[in-house]
Every structure is written in structure tokens, then in C-alpha cells.
Amino acid sequence: MTDHTPKHDVTEGTTGPAVGKDEWVARHGERSSDRAGLVGSVEARLRSAPWWSWLVLVLGVIALLPVGFESGYVRRVAFDTVVYMLLALGLNVVVGWGGLLDLGYVAFYGIGAYTYAFLSSDKYDLHLPTLAVVPIVVIVGALLGYIVGLPSRRLVGDYLAIVTLFFLQMFGTVMINGDSIGGKNLTGGANGILNVDPLSVAGNEIAVSHEGIFSAAYLYIALAVFAVVFVLLHLVNHSRTGRAWRSLREDPLAAEVMGMPVGALKLMAFSFGAAVASLTGVLFASLNASVFPQSFSFALLITIYTMVILGGSGSQIGVVLGAIIVSVVLELLREPGDARMLFYAGAALGLVGALGLSRRLAVVAGGVAVFGVVVHTIVKALDPTWVSGIVGEDTGRIASWVSEWVVVPIRLETWVPPVAYVSLIALILLLTVLGGWLRLVLLVPTLYFGAFVWENVMLAHPEPTRYILLGVMLIALMIVRPNGLLGERRVEIV
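Parameters and conventions
- The numbering scheme is per chain: residues are counted from 1 as the chain's sequence reads.
- Reporting of local features is limited, given that this is a predicted model, to residues whose pLDDT is at least 70; pairs of side-chain atoms are given and counted only at 80 or more, and all residues count toward the totals for whole chains, interfaces and linings.
- To obtain the side-chain values, all non-hydrogen atoms of the structure were used and water was disregarded.
- A pair of Phe, Tyr and Trp rings is counted when the ring centres sit within 6.5 Å of each other, with Trp represented by its six-membered ring. The angle between the planes then sorts it: under 30 degrees is stacked, over 60 is edge-to-face, the rest tilted.
- The numbering of helices and of strands both runs from the N terminus, where a helix is a DSSP run of H or I of at least 4 residues and a strand a run of E of at least 2.
- For the exposure calls, accessible area comes from a 1.4 Å probe over protein chains only, and a residue counts as buried if that area is under 20% of its type's maximum, exposed if over 50%, partly exposed in between.
- Axis geometry follows a simple rule: fit a line to the C-alpha atoms, using only the stretch in contact for helices, then measure angles between N-to-C directions, giving values from 0 to 180 degrees.
- Every angle not falling under 35 degrees, over 145, or within 65 to 115 is termed oblique; those three ranges are roughly parallel, roughly antiparallel and roughly perpendicular.
- Crossing chirality is assigned from the near helix's rotation relative to the far helix, an anticlockwise turn below a right angle marking it left-handed and a clockwise turn marking it right-handed.
- Between two residues, a contact is recorded if the distance between any of their heavy atoms is within 4.5 Å.
- Polarity classes work like this: nonpolar for Ala, Val, Leu, Ile, Met, Phe, Trp, Tyr, Cys and Pro, charged for Asp, Glu, Lys and Arg, and polar for all others, with Gly in that last group.
- One number per residue, pLDDT, summarises how confident the predictor is, and it ranges from 0 to 100.
- A helix is expected to span 1.5 Å for every residue after the first.
- We count a salt bridge whenever a side-chain nitrogen from Lys or Arg sits within 4 Å of a carboxyl oxygen from Asp or Glu.
- Directions pointing from the helix axis toward each C-beta atom define the arc.
- We define a nonpolar core as any set of buried Ala, Val, Leu, Ile, Met, Phe, Trp, Tyr and Cys residues linked to one another through side-chain atoms lying within 4.5 Å.

(A) Just the packing of aromatic side chains, in detail. The final tally for this structure, using the stated rule, is 20 aromatic pairs. Each ring, one from Tyr114 and one from Phe296, has its centre 6.4 Å from the other, and the planes form 55°; the classification is tilted. Of the two residues, Tyr114 is situated in helix 7 (residues 105-119) and Phe296 in the loop between strand 8 (290-291) and helix 14 (298-311); the sequence distance between them amounts to 182 residues. A relative accessible area of 2% places Tyr114 in the buried class.

In C-alpha cells, the structure reads:
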């Protein structure tokens, strides 16, 4: 006898969504994590690594830098990088987990530095021990974060950003003009506060330098603080509060409908972020033995935001990675030789990423090389002074190659930089509207003109160039990975 009972598809339970669950949402994790090819395989393996392994790796690499490098410069850069990592972790709480656009975050960094300077310097003749000052600084930062966060209960988006930006500007104004409040010098004004005490343990001060070399002790203290903050924030993120923050970030209205205390969650996010920033200010003030209001500028805020966005907002290890990348890139761009190597290496990697290992890549690369040689030869024949300029102080192999390929005049006319900038941007915009072989053909002179602008205009002004290239790098990454290096794709119901 034949059994006509309908058979259930055994594969349906593994591929279809659970009962009562939307199919798009059910397969969101699959779409967000699976990537084709080698990149997808590598990313899957990296994401499968436990969180503590990433923490141990970062701590181990930075801790070994003083062993491998005796240079005080390398140690100082490592210390500054750890400070950036802490600031990125604090901002990630507010922006990445709470979903709140806080533009006053750097002010809490300054509040922590100034509070430490008030309590541990000659300003008011208070020289409290570090272990007594640190809890005070953290509490002050958390309380002010709570107060500044009060408007967030009724404001969202751009309105909240304006309020927090006003707080940052107010902090800077008060600190700069605080030398004449009621006829008294309360903050030191633009001259800041000098003779700030270094960190001390059991009454013993920790020397900032030893025989003129930056002390590794400060780096290890900063690493210890970073490790504690990272672990504590990890525990918070995986608690009920952390899950509530992420719900608030995704949809505040839905979170409120589910009974979550949205107002309290926002205030907690501001307080946690402000506490981390204030704690970081202690490290900054104690190391530099001084505090100035100019150190807590809007430019610093943009830099920290870049770290969070680049690494992946919402991911702890992502924002730490973003802080490391941005800090190292900014330092490399200080020196012409390193900056040049980074520029051409980035351009080559960008070409490979855009065109792949294909015939088009070979055509463009070969075309740029030939185009440069032809242009250089023609210009040299017309007037040798147009190609006899100095391409920076670097005398390495790349500089020698560039001098025979890029047109660098001895004297650059004043009208060249603005015209070159505008022309390069126009060419790049034109590339975005063209397609096919026409785009590849125009890409050749555009790349060469980019090298011309770099050697003649940007390399001569390293400070603004650092941030211009940082912005370009961020834009390029956002095009390829809108969620950052390790950021998660969020569920969006449209």
C-alpha cells in the first residue's frame, strides 16, 4: 500500500526562517557575513576569533615596541596611539552603541585633563596622589556627561549634534577666557596650566623620560588602563544594558514601545563615554606636564570620529584598529619620504582594488608609466628648468624615480596650486560619470596629474596634506565597505 502522507522537506528547517520571523531578517546574518572569494574566507576566520585574542594581540604588539625600538619617538607615538585607542572606545559607546551624534566628546577629554591639572599641579598648590585623583576625574566626567546628555532625551540627530557642538565651543571659550573670571585666573587662559605633576604610585613619581628617552613605564601604564577599559566595556556591551543600547541605536521608537527606558539609556551612554574620555585626559595631562585649551579642538574630534568610522562603528576591536591605522598614517605623513611611499603604495593598491588583476590594470599601469615619460621628455626639451625642481628632502630610490617621471619646476607660480587642486577634482568627478574604455583612457592622465599635484603642491605642505589624504582614504573605504573595516551590517527595513 502506498503512503500518500505528505513528506516534509528536511532542508526547509535549515534554510527557511523560523515561524513568525521575517525571512529578510532571518537571513540578515548570512548576507552580512558571507563574502565571496578569498576576502570572504579570511574575514570569516578573523570574525570567528575570540575577542580576548584580539586584545592580547594588540597589547602584545604594542608592549614589545620598547623592546624592539629604543627610539623615544617610537615609544611616544605608541603612547599617543594608545590614547587614541581609549578615546575611540569612549566615543564608540555614545555613537556606535547608543547611536547618539555627540560632537562635544572632546570637551570631556579636556575636562579630565584640566581636572587632573587643578588637583595635581602648582596652580592651586594641590598635589593629590594619582590614585585619589583618578576616581574624582572619572566621576566628574561621568556627571558632566550625564548633564550634557539631558537634552538627548528630547533631541535626536542634527539637533543633538548642535547642542553637543555648542558644549564643545563653550568649553573652549571658558578655558581660554578663564584667566579673568571675577578678577581671578581660574584656568590659566590661553597660556594653560603648567607644572602638572606626573603620575605617581605609592608616593613615587613616574619619570616621563630617562636619559632623554621617553620612558616605557608611561606606555605600559596606558596599556594597562586600555586593557581594563576594554574588558569593562566588553562586559557592559554583552549585558542587558549593551543589548538595550543597540536596540536604541537601531530604532529608538521601537525600543521605547518595548518598554525600554530610552531616556535613561541615552544618559548612561553619555556618562560612560564621558568617563572614558576624562580618564584618558589624566594620561595626557600627566605626560605633557601641562594643559592648554588649544589641545582640545574640533579637528581632534574629527580625527577620533574618523577612527571610529574607519574601524567600524559599534565594534570594539574595529575602532581600536581604526585608531591604530589613523595614528600610524598621520605619523608617516609627517616625513616626505614616508609620505611619498605611502602615497604611491596607496595609489597602486587602489588601482588593484578597483580594476583587479586584469588586462585593464596592465593597460592603465603601463599607460601611466609611458605617459609620464613622454610628458617629462617633452617638457625637458622645451625648458629644462621645468623638470629641475627638488622633489622634497628624500633622496631614496622612489625620489630618484619620481624626479625622472614627474614634472617638478624649480619655481612654482602662485596660481598653480589652486588651479591644480580644482583641475584634479574636476577630473576625478568626470571619471565618475564616464564608463567603459573612455574612463580607462581618462584615468591615465588623471593619475599622472595626481602625482604632479602631490609632488608640487601637497608634499610641500605636510600638515594639511595629512588630513586631506586621511579624508580621501576614509571616502575610498566607505565606498568599498560602508560599515568600516569590522563594522556590522545593520538590519534596515525599508
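There's plenty left to go through after this.
(B) Looking closely at the packing of helix 6 (residues 72-97) against helix 10 (residues 216-237). Look at helix 6 against helix 10: their axes get within 9 Å of each other, and the N-to-C directions meet at 15°. Comparing their axes, helix 10 and helix 6 come out roughly parallel. Considering how the two elements wind past one another, helix 6 and helix 10 form a crossing that is left-handed. Residues Arg75, Ala78, Phe79, Val82, Met85, Leu86, Leu89, Val93 and Trp97 of helix 6 touch helix 10, and the partners they reach there are Ala216, Tyr218, Leu219, Ala222, Leu223, Val225, Phe226, Val229, Phe230, Leu233 and Asn237. When its residues are assigned to classes, the contact of helix 6 with helix 10 shows 18 nonpolar, one polar and one charged.

(C) Here's a closer look at the confidence of the model for the protein. When the pLDDT values of the protein are averaged, the result is 84; 88% of them are 70 or greater. Taken element by element, the protein is modelled with least confidence in helix 1 (residues 12-15), mean pLDDT 45, and with most confidence in helix 7, mean pLDDT 96. Within the model, the stretch residues 5-15 combines pLDDT values under 50 with one contact to residues more than four positions away or in other chains. This stretch, residues 19-26, has a pLDDT under 50; its non-local contacts, to residues over four places away or in other chains, come to ten contacts.

(D) Structural view of helix 16 (residues 336-355). Taking 1.5 Å of rise per residue, the 20 residues of helix 16 would be expected to cover 28 Å, and the 28 Å separating its terminal C-alpha atoms lies within 8% of that figure. What helix 16 keeps buried is the set Gly337, Ala339, Arg340, Phe343, Tyr344, Leu351 and Leu355. Packed against the buried residues of helix 16 are helix 15 (316-332), helix 17 (359-382), helix 18 (397-403) and helix 20 (436-458). Immediately downstream of helix 16, the backbone of Gly356 shows phi near 70°, a positive value.

(E) Region of the structure containing the side chain of Thr446. By secondary structure assignment, the location of Thr446 is in helix 20. The exposure class assigned to Thr446 is buried, which follows from its relative accessible area of 6%. Among residues more than four places away in sequence, those in contact with Thr446 are Leu424, Leu427, Ile428 and Leu431.

(F) Summary view of the pattern of salt bridges. This model, assessed by the stated rule, comprises five salt bridges. Between Arg76 and Asp80 there is a salt bridge, and its shortest N-O distance comes to 3.1 Å. In this pair, Arg76 and Asp80 both sit in helix 6, four residues apart, roughly one turn of the helix. Of the charged contacts, one joins Arg411 and Glu413 as a salt bridge, the two residues approaching to 2.9 Å between their closest N and O atoms. Of the residues examined, Glu413 reaches a relative accessible area of 35% and is grouped as partly exposed.

(G) Local environment of helix 11 (residues 240-250). Residues Gly242, Ala244, Trp245, Leu248 and Arg249 constitute the buried set of helix 11. Taken end-on, helix 11 shows its buried residues confined to a sector of 160°, consistent with a single buried face.

(H) Main features of the environment of Tyr421. Position of Tyr421 among the secondary structure elements: in helix 19 (residues 416-433). Under the relative-accessibility criterion, Tyr421 is labelled partly exposed at 29%. Measuring from C-alpha to C-alpha, the distance between Tyr421 and Val457 comes to 8.6 Å, with 36 residues separating the pair along the chain. Residues in contact with Tyr421, not counting those within four places in the same chain, are Val453, Val457, Met458 and Ile468.

(I) Quick look at the nonpolar core. Within the largest apolar cluster, 90 residues are counted, with the highest numbers of intra-cluster contacts made by Phe79, Phe226 and Phe296. Leave out the neighbours within four places in its chain, and Phe296 touches Val106, Tyr109, Gly110, Ala113, Tyr114, Leu168, Phe171, Phe284 and Val291. One finds Val329, Val379, Leu431 and Leu459 within the second-largest nonpolar core, a separate group that totals 35 residues.

(J) Quick peek at the environment of Val419. Take Val419: it is sitting in helix 19. Val419 sits 34 residues away from Val453 along the chain, and the two C-alpha atoms are 10.0 Å apart.

(K) Spatial organisation of the packing of helix 16 against helix 17. Two elements in contact, helix 16 and helix 17, have axes separated by 9 Å at closest approach and are oriented at 145°. In this structure, helix 16 meets helix 17 at a crossing whose hand is right-handed. In contact with Leu351, Val352, Ala354 and Leu355 of helix 16, helix 17 contributes Arg360, Leu361 and Val364. Partitioned by chemical class, the residues of the contact of helix 16 with helix 17 number six nonpolar, no polar and one charged.

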